[in-house]
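The primary structure of each chain is shown beneath.
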Amino acid sequence: IDENVSSEPDFKNLFWGDTHEQVIEAEGADCEETGRNLIYSRHLMGYQSFLTYNFDDSDKLWQAQYQFTDPDFTAEEFLAQYERIRDAVSDTCGKPVKDGHYVIHNYDKESISDITAFSNGYSMYYAAWTNSTTNIDITMHSNNNQIFIYLGYSDKKRPFNYANGF
């Protein structure tokens, strides 16, 4: 038995290195195939999302990511959604190795609230976890007056380590 191989799946019921066919078998055929990606429309914790599975040049799964966006949500509603998802991941994975509200562009903190700064794209929210095989991160940012939340899972063997990045 190889002690470096986990018997626990890396994401849902899948392992990093699985093929397109294995993901389709596990997740279903109701996806859009775009290059090396499979994109599914899914609900997570009651929120509509797109779940994208990313594959490398060898057709090996290395990342899965949920993208949440709702044009009818306010910034405050997105923040509540972000916190709910972040807390659910923390319940499963423990305390994040990084967690906070990060400034991207300087702004006058005396005259602009954190949520307004976020809405205007001056800052973002980010948390990250790591386990033996997987880097997990959640990011919320605003771009062109549209807010996005991404919840990503990636193979820890990949060069970029989300828990150390940012």
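Use the structure listed above.
What comes next is a walk through the structure. (Residues numbered from 1 in each chain as written. Predicted model: local features only at pLDDT ≥ 70, side-chain atom pairs only at ≥ 80, totals over all residues. Heavy atoms only, no water.)

1. Section: the pattern of salt bridges
Tallied over the full model, the rule gives 7 salt bridges. One salt bridge connects Arg 42 with Asp 30, and the closest N-O pair in it is separated by 2.9 Å. With Arg 42 in strand β2 (residues 37–44) and Asp 30 in the loop between α1 (20–27) and β1 (31–34), this residue pair connects regions lying 12 residues apart in the sequence. With a relative accessible area of 16%, Arg 42 lands in the buried category. What makes Asp 30 partly exposed here is its relative accessible area of 48%. Linking Asp 87 and Arg 86 is a salt bridge whose minimum nitrogen-to-oxygen distance equals 3.1 Å. Residue class for Asp 87 comes out partly exposed when judged on its relative accessible area of 37%. One connected set of salt bridges, linked through shared partners, spans Lys 12, Glu 27, Asp 30 and Arg 42. (Salt bridge = Lys/Arg side-chain N within 4 Å of Asp/Glu carboxyl O. Helix = DSSP H or I, 4+ residues; strand = E, 2+ residues; numbered from the N terminus. Buried < 20%, exposed > 50% of the residue type's maximum accessible area, 1.4 Å probe, protein only.)

2. Some details on the pairing of strand β7 (residues 134–143)
Summarising burial for β7: 8 of the 10 residues are buried, a large majority. As defined by bridge partners, strand β6 (residues 123–130) adjoins β7 across 6 bridges and the pair is classed as antiparallel. Along β7, the bridge assignment pairs Ala 127 with Ile 138. In this structure, the hairpin formed by β6 and β7 is closed by a connection of 3 residues. As paired strands, β7 and strand β8 (residues 146–155) are joined by 10 bridges and run antiparallel to one another. Counterpart to Asp 137 in the pairing with β8 is Gly 152. (Pairing = 2+ DSSP bridges.)

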